[in-house]
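Given next are the chains, with one letter for each unit.
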Amino acid sequence: MRKFIILSLILCIVSCTEKKKEKHPFNTVKIELVFEDSVSIRAIEFLDANTLAFAGSKGIYGTVDIPTGKVRSNIMKYHTFIPEFRAVAHTSTDFFMLSVANPALLYKTGDNGKMDLVYMEEGEGVFYDAMKFWNDNEGIAIGDTVDGCLSIIVTRDGGNTWNKILCDSLPAGIAGEGAFAASNTNIEIKGDAAWIATTSGRIYFSDNRGVTWNTMQTPIINDKETQGIYSINFYDESIGYGIGGDFTEAEANKANKIITRDGGNIWGTIADGISPGYKSCVQFIPNSGGEDLIAIGFTGIDYSNDGGSSWNLLSEEGFYTLRFLNDSVAYAAGKNRIAKLVFE
């Protein structure tokens, strides 16, 4: 918590049993704008029940105070270079943000009133896509293929140092395989397990916090560079859902949604040939028993209350990513904005 206070100082801020959801379908979503700027935001995370952190293009990062709606932001520069952030993560004490492209820059809440650079990677093809933590000590970030294998870096000391996993310790790569830096939801973590979704329609899986890995091929469409899995989310260690498609053919809805009910050993297509088409982010609604989901993209907000078998369009308002605060309120981010979504 002390480090989150330091992050708040960086941004000039002084801020501050689950109950079972009654089963009923949502019919509408109320959208309330809380932040607007000329910035693309694809990475948001709740630091706690009162604070939403974000990072985006043009080096912009900041927080939203949930009770008041007050937003504070700052701009990160690396010498004369302004990074673009598409991945954020947190522990109970620290906030992290990771930039795409070359050089990759990973920042952590510092002790001296600023964000500290804790990892940098330079080289052709460097492009990191998503980041998440198992616990306060161990975290992971993933990026596109470099030197024949997917880029995976891990920390075992709370994010102070990060080390890249050697290709010899990873499954054989596929040329051009990477992940879509569309919503910071290419990685899912439950307990000691981690799942990584790729552009090739593969799932990388580890059951020991990234020490060893194997892969499985899913049936999601991945014939073109713009196709593959854009987002995965697990309700628990068994039920998971993936979505993607092709952002250049956003209405196409064949083989763009997949589901597992055995922890990712077997994936099958679901809602095949029906809407929605392309989406950049899917999330289970909390306390829904793994039955209710929201999928969003620049094409709008869709809702399912039958485990993703059928979907209804709630709004044509476009966003890139969202996170739930509780079982009826979420925050979403996209082009030039962050909004509060209230589902009713």
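As shown above, the structure is provided for reference.
Residues numbered from 1 in each chain as written. Predicted model: local features only at pLDDT ≥ 70, side-chain atom pairs only at ≥ 80, totals over all residues. Heavy atoms only, no water.

J.: Is there a simple way to think about the state of the cysteines in this case?
T.: Every disulfide links exactly two cysteines, by a covalent bond between their sulfur atoms. Counting across every chain of the model gives 1 disulfide. Here Cys149 is linked by a disulfide to Cys167, with a sulfur-sulfur distance of 2.0 Å. When the S-S torsion is -75 degrees, as for the bridge of Cys149 with Cys167, the disulfide is left-handed. Pair noted here: Cys149 is in strand β11 (residues 149-155) and Cys167 is in the loop between β12 (163-164) and β13 (187-190), with a separation of 18 residues, a long-range link. The buried category is assigned to Cys149, whose relative accessible area is 3%. Taking relative accessible area as the criterion, Cys167 reaches 29% and is therefore assigned partly exposed. (Disulfide = S-S within 2.5 Å. Helix = DSSP H or I, 4+ residues; strand = E, 2+ residues; numbered from the N terminus. Buried < 20%, exposed > 50% of the residue type's maximum accessible area, 1.4 Å probe, protein only.)

J.: So what exactly am I meant to see when it comes to the pairing of strand β15 (residues 202-206) here?
T.: A regular strand places its side chains on the two faces of the sheet in alternate fashion. Among the 5 residues that make up β15, 5 are buried, leaving the element largely enclosed by the rest of the structure. Linking two consecutive strands that pair antiparallel, namely strand β14 (residues 193-197) and β15, is a turn of 4 residues; a positive phi of about 75 degrees is found at Gly201 within it. By the bridge criterion, 4 bridges tie β15 to strand β16 (residues 214-217) in an arrangement that is antiparallel. By the bridge assignment for β16, Arg202 is matched with Gln217. (Pairing = 2+ DSSP bridges.)

J.: Where do I start with the sheet that holds strand β24 (residues 312-315) in this structure?
T.: Sheets are built from strands paired through backbone hydrogen bonds, the pairs being either parallel or antiparallel. Overall, antiparallel pairing links the 4 strands, which are arranged β21-β22-β23-β24 in an open sheet. Looking at strand neighbours, the two that pair on one side only are β21 (281-284) and β24, the edges of this open sheet. Adjacent strand axes in the sheet meet at a mean angle of 25 degrees, parallel and antiparallel pairs treated alike. (Axes fitted to C-alpha atoms, helices over the stretch in contact; angles between N-to-C directions.)

J.: Is there a simple way to explain the layout of surface pockets in this structure?
T.: For the largest pocket, the calculated volume is near 820 Å³. Around the largest pocket sit 31 residues that line it, and Lys132, Lys190, Gln283, Arg323 and Phe324 are the ones nearest its centre. Elements that contribute at least two residues to the lining of the largest pocket include exactly β1 (29-48), β5 (85-90), β9 (128-133), β13, β17 (227-234), β21 and β25 (321-324). Top element by residues in the lining of the largest pocket is β13. It accounts for 4 residues. In this structure, the second largest pocket encloses a volume near 450 Å³. Residue lining of the second largest pocket: 26 residues in total, with Phe180, Thr199, Glu225, Tyr230 and Phe247 positioned closest to the centre. (1 Å grid on protein atoms, 1.4 Å probe; cavity = no way out; pocket = protein on both sides within 12 Å on 5 of 7 lines; lining within 4 Å. Points joined across faces, edges and corners; volume = space filled by probe spheres on them.)

J.: Can you walk me through the sheet that holds β5 in this structure?
T.: One open sheet accounts for 4 strands, arranged β5-β6-β7-β8; its pairing is antiparallel. Each edge of the open sheet carries a strand with a single partner, namely β5 and β8 (115-121). Along the sheet, successive strands turn relative to each other by an average axial angle of 20 degrees, direction set aside. Bridging between strand β6 (residues 95-99) and strand β7 (residues 104-109) involves 3 bridges; their strand directions are antiparallel. Each residue of the ladder has a partner; that of Phe96, found in β7, is Lys108.

In short, geometric facts, not functional conclusions.
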